[in-house]
Amino acid sequence: QRDVFVVQTLGNPVNDKLIELSLIISTLRRSSVNRIVAVVPYYAYGRQTRKLQSRTPISASDVAILWEQMGVDQVVTVDV
């Protein structure tokens, strides 16, 4: 059994880093690891957890769902 910790910040450019992390997760899942833990010191969309206006996306939730569907078992982040 192999547990893997992936450390990736979502700093600038945010979307490039998000895609990079997604590709790493996909590669790890296909390589038959047991557990994937994403360590994200800076979660770029972390402040977008509630709607301030109608029709505003909740990006933090969408990113979390994306990672969950890709096979991430746990996410560790830091909020200062």
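What comes next concerns the included structure. (Residues numbered from 1 in each chain as written. Predicted model: local features only at pLDDT ≥ 70, side-chain atom pairs only at ≥ 80, totals over all residues. Heavy atoms only, no water.)

Scanning the chain from terminus to terminus reveals 2 helices and 3 strands. Order of helices (α) and strands (β) in the chain, N terminus to C terminus: β-α-β-α-β. The buried share of the chain, taken over its 80 residues, is 29%. Here the contacts in the chain between residues at least 6 apart in sequence split such that 72% fall between residues at least 24 apart. (Helix = DSSP H or I, 4+ residues; strand = E, 2+ residues; numbered from the N terminus. Buried < 20%, exposed > 50% of the residue type's maximum accessible area, 1.4 Å probe, protein only. Contact = heavy atoms within 4.5 Å.)

For the rest of this paragraph, the subject is the side chain of Gln8. Tracing the chain through its elements places Gln8 in the loop between β1 (3-7) and α1 (14-30). In this structure the side chain of Gln8 is engaged in a polar contact, spanning 3.3 Å, whose partner is the side chain of Glu20. For Gln8, the residues in contact, after removing those within four places along its chain, are Lys17, Glu20, Leu21, Val39, Val40 and Pro41. (Polar contact = N/O pair within 3.5 Å; in protein donor to acceptor, adjacent residues only side chain to side chain.)

Counting 17 residues, the largest nonpolar core has Ile36, Val40, Tyr43 and Trp67 as the members making the most contacts within it. If you list the elements that add at least two residues to this core, you get α1, β2 (35-40) and α2 (59-70). For this core, the element with the most residues is α1, which contributes 5 residues. In contact with Trp67, other than residues within four places in its own chain, are Leu10, Leu18, Leu21, Ser22, Ile25, Val40, Tyr43, Val72 and Val75. (Core = buried A, V, L, I, M, F, W, Y, C linked by side-chain atoms within 4.5 Å.)

Time to look at unusual backbone geometry. The omega angle of the peptide bond from Asn12 to Pro13 is -10°, so this bond is cis rather than trans. Topologically, Pro13 is positioned in the loop between β1 and α1.

Geometry only, nothing functional implied.
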